[in-house]
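# Chain and residue survey
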Amino acid sequence: MSPEVSNQSLLFLIVFVLVPLTLSYYYQLGMSKDIVWSSIRGTIQLFAIGYILTYLFDLNAFIGIPLMVGIMILVASFHAWNKGKELPNAFVVIFLGLLVVEGSVLALWLVFDMVNFKPSEVIPMSGMVIGNSMVAMGLALERMKSEFTENSGRLMAALALGAQPKQASHLIIRKTLNASLLPNVDSLKTIGLVQLPGMMTGLILGGVAPVMAIKYQLVISLSIFSSVSLSAMIVTLAMYRYFYNENQQLIESAEEMRSRTND
Amino acid sequence: MENYLFDFHGVSKDILNDLNFTIKKNEKIILFGPSGAGKSSALFLFNRLRDPDSGKIYYKGEPIQSCEISQLRKNIGLVLQAPNLFPGTVLDNLKYGPSLFDEWEDSRAEELMDLIQLPENYLHRDVDQLSGGEQQRVSLGRTLANKPEVLLLDEPTSALDVRTSEEIEGVLEKLIEVHQLTMVMVTHNLRQAKRLGERGIFMKEGKIVEDGNISRLLMEPESKALQEFLQD
Ligand SMILES: Nc1ncnc2c1ncn2[C@@H]1O[C@H](COP(=O)(O)OP(=O)(O)O)[C@@H](O)[C@H]1O
Ligand SMILES: [Mg+2]
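What counts as what
Residues numbered from 1 in each chain as written. Chains lettered and ligands numbered in written order. Predicted model: local features only at pLDDT ≥ 70, side-chain atom pairs only at ≥ 80, totals over all residues. Heavy atoms only, no water. Helix = DSSP H or I, 4+ residues; strand = E, 2+ residues; numbered from the N terminus. Buried < 20%, exposed > 50% of the residue type's maximum accessible area, 1.4 Å probe, protein only. Contact = heavy atoms within 4.5 Å. Areas by Shrake-Rupley, 256 points an atom, 1.4 Å probe, with all protein chains shown as cover. Lys, Arg positive; Asp, Glu negative; His and termini not counted. Charge placed at Lys NZ, Arg CZ, Asp CG, Glu CD. Phe/Tyr/Trp six-rings, centres within 6.5 Å; stacked < 30°, edge-to-face > 60°. Domains from an automatic or database assignment. Buried area = accessible area lost by both parts, 1.4 Å probe. Polar contact = N/O pair within 3.5 Å; in protein donor to acceptor, adjacent residues only side chain to side chain. Nonpolar A, V, L, I, M, F, W, Y, C, P; charged D, E, K, R; others polar. Salt bridge = Lys/Arg side-chain N within 4 Å of Asp/Glu carboxyl O. Axes fitted to C-alpha atoms, helices over the stretch in contact; angles between N-to-C directions. Parallel < 35°, antiparallel > 145°, perpendicular 65-115°, else oblique. 1 Å grid on protein atoms, 1.4 Å probe; cavity = no way out; pocket = protein on both sides within 12 Å on 5 of 7 lines; lining within 4 Å. Points joined across faces, edges and corners; volume = space filled by probe spheres on them.

## Description of the overall build of chain B
Per the secondary structure count, chain B includes nine helices and 10 strands. Expressed along its principal axes, the backbone C-alpha trace of chain B runs to roughly 50 × 40 × 30 Å. For chain B, with 232 residues in total, the buried portion stands at 55%. Pairs at least 24 apart in sequence give 66% of the contacts found in chain B among residues at least 6 apart. Within the structure as shown, chain B displays about 10,500 Å² of accessible surface, and the carbon and sulfur contribution to it stands at 45%. Charge centroids of chain B, computed over 27 positive and 38 negative side chains, lie 2 Å from each other.

Now the structure itself:
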């Protein structure tokens, strides 16, 4: 009993775009172009992905899943990389990190029989894991950069006392991990109370019984939770060393950092 | 040559031009000059927080590049301008350095608090609750906990009011007297320079302009640069 939104009904979605458009016009926010463009772009992207998914779901799982998961990881890597391009090897760390995270989560799903190895199950679930991991990695990179800048005095003090980079960075690593995990801990606390998670909403609209839907939601929420933790940890532990040179000295400028990329 | 602790010849692009000097064991040196002269940069070369682009620095006759870095930094203590304490208690800060080398013993806390002249019941206070002067003492104590042979001080009282900085001077004065430390101190405070220093090195634009007895430098400056500096 899957409900369907008819194409005529879809046309009326224009009304939903008119609201922000009117606001922008009335208050001269100068965002009209952006609003129109992002609405059109979003619509095209979603339709495209709809057709692509239809095609992928019909493919053999051993082709469709690696193909789509690979593309998702690649795109996600570029996206997260933007938050820390000046850090040497950031792309490789992010890419391999996402691969490890997705690989281990997928392995657990399959081993414990939570998800079937079918494109229609693995791809949407993986998308959520990879997307959230991407955000967590980007946040961890940004946070790490700002912590290193803010705490350069303390780090100098620690180094001056004889600390190795790893020892000196301890404080920052802790703070970064903490900051990356907090939003997830918070959202787990209010899950289902404040808003029904998107996936659960989708399943219920699709006709799945609520209790069935929450089982899936639990699987995905906890998978995301552990992937996000793992992602933040991988990025932080792999990247802190690039804030120092080989003589246990703090690197003081972005140029110096970039010039070391070829080490 | 035994008593030359440092033999210093360092050049750092655009910052330090040509620094050539030796430091003997137990010398009390005041490094002074206008801001931007390269005093901090010079200080950071001693414990390798930075490296010169060219030139050589010898510590006890050995190039510092061949000393193990952590050990070198432990022996050459540095106190920065701002306290930069680690979050936690006074005790956490005091034991940080020695713990890195597995050398901390709880019995040392008392002795260190005595050195920096803070009451012992401060040990378990959070460092956020301390005044600026108290924080700077903890910062000094944290460096002393490593039992350094050389003490580098980068304007340790510049952020403090007159009374508090005099108290810190008192702490330093006693420390220098009791423990035979070699000291290199950067300061803008000439009264403090005379009280704590013996030898003065006046720097300007990355170069050493005058080097000699601190009282002589302050009373009878030879160079025009130093004369001008003292007039301001
Ligand atoms: N990390 C750095 N990179 C490049 N230039 C620096 C750096 N640190 C300081 N400088 C420059 O070097 C000069 C000397 O600085 P500094 O050693 O801090 O002087 P001082 O301590 O005598 O005031 C200044 O012109 C400063 O702008
Ligand atoms: Mg300075």
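## Some remarks on the packing of aromatic side chains
Applying the stated criterion across every chain, the model contains 13 aromatic pairs over all chains. Aromatic side chains W81(A) and F91(A) sit 5.6 Å apart centroid to centroid with 75° between the ring planes, which places their arrangement in the edge-to-face category. Here W81(A), found in helix α4 (residues 61–81), pairs with F91(A), found in helix α5 (residues 90–111); they are 10 residues apart in sequence, far enough to count as distant. Ring centres of F32(B) and F229(B) lie 6.0 Å apart, and the angle between their planes is 55°; this geometry places the pair in the tilted category.

## Concerning the domain arrangement of chain A
In terms of domains, chain A is made up of domain 1 (1–56) and domain 2 (61–262). Distance between the C-alpha centres of domain 1 of chain A and domain 2 of chain A: 29 Å.

## Here's the deal with the interface of chain B and chain A
On the side of chain A, 18 residues touch chain B, which itself brings 23 residues to the contact. Both faces combined, the contact of chain B with chain A buries some 1,800 Å², and carbon together with sulfur accounts for 54% of it. In terms of surface lost to chain A, no three residues of chain B exceed L49(B), R73(B) and L100(B), which account for 28% of the buried area on that side. Across the chain B-chain A interface, the total number found is 11 residue pairs in polar contact (both at pLDDT 80 or more). Among the elements of the structure, α2 (69–75), α3 (90–100) and α5 (132–144) of chain B are those that each provide at least two residues to the side of chain B that touches chain A. Of the residues that constitute the side of chain B that touches chain A, the class distribution is 11 nonpolar, six polar and six charged.

## Quick look at the pattern of salt bridges
Residue and element names in this part refer to chain B. Taken as a whole and assessed by the stated rule, the structure comprises 20 salt bridges over all chains. A salt bridge links D51 to R48, with the nearest nitrogen and oxygen atoms 2.9 Å apart. Residue E173 pairs with R195 through a salt bridge whose shortest N-O separation is 3.1 Å. Here R195 lies in helix α7 (residues 190–196) and E173 lies in helix α6 (residues 162–178), a separation of 22 residues in the sequence. One network of salt bridges, with partners in common, ties together E166, E169, E173, R191 and R195.

## With respect to the packing of α3(B) against helix α4 (residues 108–115) of chain B
Residues and elements named next belong to chain B. One way to put it is that α3 packs onto α4 with a least axis distance of 11 Å and a crossing angle of 105°. It follows that α3 is roughly perpendicular to α4 by the angle criterion. Residues V90, L91, L94 and P98 of α3 touch α4, and the partners they reach there are R108, A109, L112 and M113. Classifying every residue of the contact of α3 with α4 gives seven nonpolar, no polar and one charged.

## A closer look at empty space enclosed by the protein
In this structure the tally under the stated criterion is one cavity of 30 Å³ or more. The space that makes up the largest cavity amounts to roughly 40 Å³. Lining the largest cavity are A157(A), A160(A), L161(A), L78(B), L80(B), R142(B) and T143(B). Listing elements by their share of the lining of the largest cavity, those giving two or more residues are α7 (152–160) of chain A together with α5 of chain B.

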